[in-house]
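# Report on the structure
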Amino acid sequence: MRWWVAAVLSAGTLWFATPAQAAPPENQLYYTVTASYQSAPENLWEVATRFLGDANRAGEILDLNSGRVQPDGDRLAEPGRLAAGWQLLLPWDAVGAELHSGPLPASAGSSSGCARGADAPAEASWAQTLLTPSRAWAVTNGAGVKVAVLAAGVDGSAAELAGRVAAGADVVAGAGRADNGCDGAGTAMAGIVAGDDDTFGVAPGARIVPVRAGTEPRSAATGISVAVAAGARVVLLGVGADASDADVRAAISDAISRDVVVVLPAWAKGEAADGLLRVGAVGADKQPAFPYAADSIEVLAPGVSVASIGGAVSGDEYAAAYVAGTVALVRAAHPGLRAAEVTRQVLSTATDRLVSPVAAVTTALPAGVGVNAATAKPASGLGTLSRVLLWIAVALGVLLLLPFVLQRPARLASGLIARRLALRRAQRARARLTTDRDDPFWEAPVSGPGRS
């Protein structure tokens, strides 16, 4: 499976830049590409150097413009390929006399090339009314979090997603992008996750990484790996793959181990795991759409006749999109949480198993988690026992090391004592000998005349 990932990534279809925040629509900065600059064709590195003072910020410009349809019907995909007349959105701090400020011309990015269904009826907005995710946006709107949508592609030029869809990757073809897909399901899921329409969209600040994957397990498994490599912190499996397959299961496990939350619709038949959320759909009456087995799902979300891009949609995958959007909000609000902790926060704040984006973001984290880790207290006597065992181990270690540490000082001390004792014995012996006057050896020598 890994060679597939390398092949897709080497095709240059993914851009790993830090997500940039688009300027407000009423005051956008944009630049109209010319045929050449200083006698050379223009490219993003040159544009970034000229208007941002740093060629390395070319990725931000690509992020802002990937997926948008240009006046000639083409899309920006490569930093080195620009066409005269294209309108490039630039970050808010760009400076230059050639820049324009205001809304883009009507001809720029106005056509997606995809047939679009009728707008959803008013009653389909019931999910947005029920969950009210906008109440969480005072805390965060999901900015900075990448959500991978595995489907048959996403229409990145849809107005509700403009500027927030990366080029993505086409795993099925082995090369190419996935933000030009006209499949309604992928676009609808992306709209629920990050759309900025009044009737749908949970985390409008999040960025979508579209991955075109097939229903065949190996293709889906590769798609998950590609999404993780692209920097996605949330993966939404929208293709009809069996998550109980060994390849898919291994890819999910690997993603979770890399701190990625995986969200599955109930029909994917995934196995329970920390860092994984299996989702069932409910209707406007808050009742499950299907008779889900108790151990087959962890959470419920709207998924029957809900509004999104292209009209009203129904299915577990759209319910999963609501949960993926909620996960994006939590990851943005608490960036230090691990994947398993994020899923616990989502589940612990659900009401009757129904996901609650607002509660997931605004409810304080439990003790020992995230910012409250320092206030954690042992839940049992195991913490005290661990400390006692630790001190016993330290004491034993000291006792074992003490003889080695004191060996040289002990030798020096014993030698000094032995020498002192020997000296004292010699002094006592000499005293005894010098008092014995009968011994001629100790008689004073004869000196002067008459000595023979």
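Residues numbered from 1 in each chain as written. Predicted model: local features only at pLDDT ≥ 70, side-chain atom pairs only at ≥ 80, totals over all residues. Heavy atoms only, no water.

Next up on the list: the overall build of the chain. Counting secondary structure elements, the chain contains 11 helices and 12 strands. Taking all 452 residues of the chain together, the buried fraction comes to 46%. Taking contacts inside the chain between residues at least 6 apart in sequence as the whole, the part at least 24 apart equals 71%. Accessible area for the chain stands at about 21,900 Å²; split by element, carbon and sulfur atoms hold 58% of it. (Helix = DSSP H or I, 4+ residues; strand = E, 2+ residues; numbered from the N terminus. Buried < 20%, exposed > 50% of the residue type's maximum accessible area, 1.4 Å probe, protein only. Contact = heavy atoms within 4.5 Å. Areas by Shrake-Rupley, 256 points an atom, 1.4 Å probe, with all protein chains shown as cover.)

All right, on to the packing of helix α2 (residues 44-52) against helix α3 (residues 58-65) then. At a minimum axis distance of 8 Å, the contact between α2 and α3 shows a crossing angle of 105°. Judged by the inter-axis angle, α2 sits roughly perpendicular to α3. Between α2 and α3, the residues in contact are L44, W45, V47, A48 and L52 and A58, I61 and L62, respectively. Residues that form the contact of α2 with α3 fall into these classes: eight nonpolar, no polar and no charged. (Axes fitted to C-alpha atoms, helices over the stretch in contact; angles between N-to-C directions. Parallel < 35°, antiparallel > 145°, perpendicular 65-115°, else oblique. Nonpolar A, V, L, I, M, F, W, Y, C, P; charged D, E, K, R; others polar.)

Further remarks concern unusual backbone geometry. In this model, S305 sits at a positive phi of 50°, which is unusual for a non-glycine residue. By the element assignment, S305 lies in the loop between β10 (299-302) and β11 (306-308). Here the phi dihedral of D352 falls at roughly 55°; this positive angle occurs in a residue that is not glycine.

Let's shift gears to the environment of N65. Note that N65 resides in helix α3. You can call N65 buried: its relative accessible area is 0%. Between the C-alpha atoms of N65 and L89, which are 24 residues apart in sequence, the distance is 6.2 Å. Once you skip the residues sitting within four places of it in the chain, N65 turns out to touch L76, Q87, L88 and L89.

Scanning the entire structure with this criterion turns up two aromatic pairs. Where Y31 meets F51, the ring centres are 4.9 Å apart and the plane angle is 50°; that geometry is what we call tilted. Here the residue Y31 occupies a position in strand β1 (residues 29-32), and F51 occupies one in helix α2, the gap between them amounting to 20 residues. Take F51: its relative accessible area is 3%, and that puts it in the buried class. Arranged with centres 5.9 Å apart and planes meeting at 80°, the rings of F290 and Y292 form a pair that is edge-to-face. On the basis of relative accessible area, Y292 is assigned to the buried category, the value being 19%. We note R50 situated over the ring of Y37; from NZ or CZ to the ring centre the distance is 3.6 Å. (Phe/Tyr/Trp six-rings, centres within 6.5 Å; stacked < 30°, edge-to-face > 60°. Lys NZ or Arg CZ within 6 Å of the ring centre and 35° of its normal.)

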